[in-house]
Amino acid sequence: MQTCFVIPVYNHPHYLQALVEHLSGFDLPIVVVNDGSDAECTAILRQLRSQYKRVDLVEHQVNQGKGQAVITGLLHAYNLGYSHALQIDADGQHDWSDIQRFLDTAQQNPAAMVIGQPIFDQSVPRKRLYGRYATHIWVWINSLSFEIKDSMCGFRVYPLAQTVKVLNSAKFQPRMGFDSEILVRLKWEQVKFINVPTQVIYPKDGISHFNVWRDNLGMTQAHSRLFAGMLYRLPTLLYRKVKGE
């Protein structure tokens, strides 16, 4: 395995220095995607590129959405020859102490998609939590499987060969809908999933770029496409379930 980190960033300056410093301890390449951040955040990112030799900064001139930032990072990593990419978000929600556990799990299961299964504390907004449950239901319907415990956690390890094949086969929702859509499509391709329980918090100084109208519409469009795709694949998916594949 040749593994790197992928971090999508859009105006999340608070945790960047500490996150990159922590990741540097693993001595793995760090692909950071600047998704059209403002001048303050961009300056921090460029300083980190100069400060840490392992940081590879890729920049979007304008904001394209978290999903597109992740796609850019994954394709960049694959084109550089890496076999796996651990995605971790820059907003301070993820438990960095679990990174080694994710890496070890991927090392032991190199063909699998390793995804975070969030354990929330009281900091999680109730509306966000209920929204996740609605998304879970659609993911279970569209994948005809309960194997994906949480499709929205941005703490995960992608097997890049399988992922890039799927990325090249469909048009993806470029914003918040991507996290769920890519997992369903990987499941259709019979990629194995391993769920890793991990603590997730919502920091007091956390910054959310979730737009209620735009992103809910985008996720609805993504789930609608997936539902149509599931119906098209229904005979094959049912056959696999009967065969226990």
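Up top is the structure.
Calculation notes
- Residues numbered from 1 in each chain as written.
- Predicted model: local features only at pLDDT ≥ 70, side-chain atom pairs only at ≥ 80, totals over all residues.
- Heavy atoms only, no water.
- Phe/Tyr/Trp six-rings, centres within 6.5 Å; stacked < 30°, edge-to-face > 60°.
- Helix = DSSP H or I, 4+ residues; strand = E, 2+ residues; numbered from the N terminus.
- Buried < 20%, exposed > 50% of the residue type's maximum accessible area, 1.4 Å probe, protein only.
- Lys NZ or Arg CZ within 6 Å of the ring centre and 35° of its normal.
- Salt bridge = Lys/Arg side-chain N within 4 Å of Asp/Glu carboxyl O.
- Pairing = 2+ DSSP bridges.
- Expected span 1.5 Å × (residues − 1).
- Axes fitted to C-alpha atoms, helices over the stretch in contact; angles between N-to-C directions.

Draft legend 1. Quick look at the packing of aromatic side chains. On inspection of all chains with the given rule, the structure shows six aromatic pairs. With centroids separated by 5.9 Å and ring planes inclined at 80 degrees, the aromatic side chains of Trp138 and Phe227 adopt a geometry described as edge-to-face. Here Trp138 is found in helix H5 (residues 126–143), whereas its partner Phe227 is found in helix H8 (residues 212–243), with 89 residues between them in sequence. Residue Phe227 is classed as partly exposed on the basis of its relative accessible area, which comes to 32%. One residue, Arg185, lies across the ring of Phe172, its end atom 5.6 Å from the ring centre.

Draft legend 2. Quick peek at the pattern of salt bridges. Applying the stated criterion across every chain yields a total of nine salt bridges. Its salt-bridge partner being Lys66, residue Asp179 comes within 3.1 Å of it at the nearest N-O pair. Residue Asp179 is located in helix H7 (residues 178–188), and its partner Lys66 is located in helix H3 (residues 66–79); the two are separated by 113 residues in the primary sequence. Here the salt bridges share partners, and the residues they tie into one network are Lys66, Asp89, Arg156 and Asp179.

Draft legend 3. The pairing of strand E4 (residues 84–87), seen in detail. Burial along E4 is two-sided: His84 and Leu86 facing one way and Ala85 and Gln87 facing the other are all buried. Judged from the four bridges that link them, strand E1 (residues 3–9) and E4 form a sheet pairing that is parallel. Considered in E4, the bridge of Cys4 is made with Ala85. As paired strands, E4 and strand E6 (residues 156–159) are joined by four bridges and run antiparallel to one another.

Draft legend 4. Seen up close, unusual backbone geometry. Non-glycine residue Asp27 carries a positive phi angle of around 55 degrees. Mapped onto the elements, Asp27 comes out in the loop between helix H1 (16–24) and strand E2 (30–35). In this structure, Gln190 is a non-glycine residue whose phi angle is positive, near 70 degrees. Along the chain, Gln190 turns up in the loop between H7 and strand E7 (193–200). For Gln190, a relative accessible area of 43% translates into the label partly exposed.

Draft legend 5. Examining H3 more closely. The terminal C-alpha atoms of H3, which comprises 14 residues, lie 20 Å apart, in line with the 20 Å expected from a rise of 1.5 Å per residue. One or two positions beyond H3, positive phi appears at Gly81, with a value near 100 degrees.

Draft legend 6. Broad picture of the sheet that holds strand E5 (residues 113–120). Within the open sheet, the seven strands sit side by side as E3-E2-E1-E4-E6-E5-E7. Their pairing is mixed. Either end of the sheet is taken by a strand with one partner, and the two such strands are strand E3 (55–60) and E7. When the angles between neighbouring strand axes are averaged without regard to direction, this sheet yields 25 degrees. Where E5 and E6 come together, two bridges link them in antiparallel fashion. What sits directly across from Val114, in E6, is Val157.

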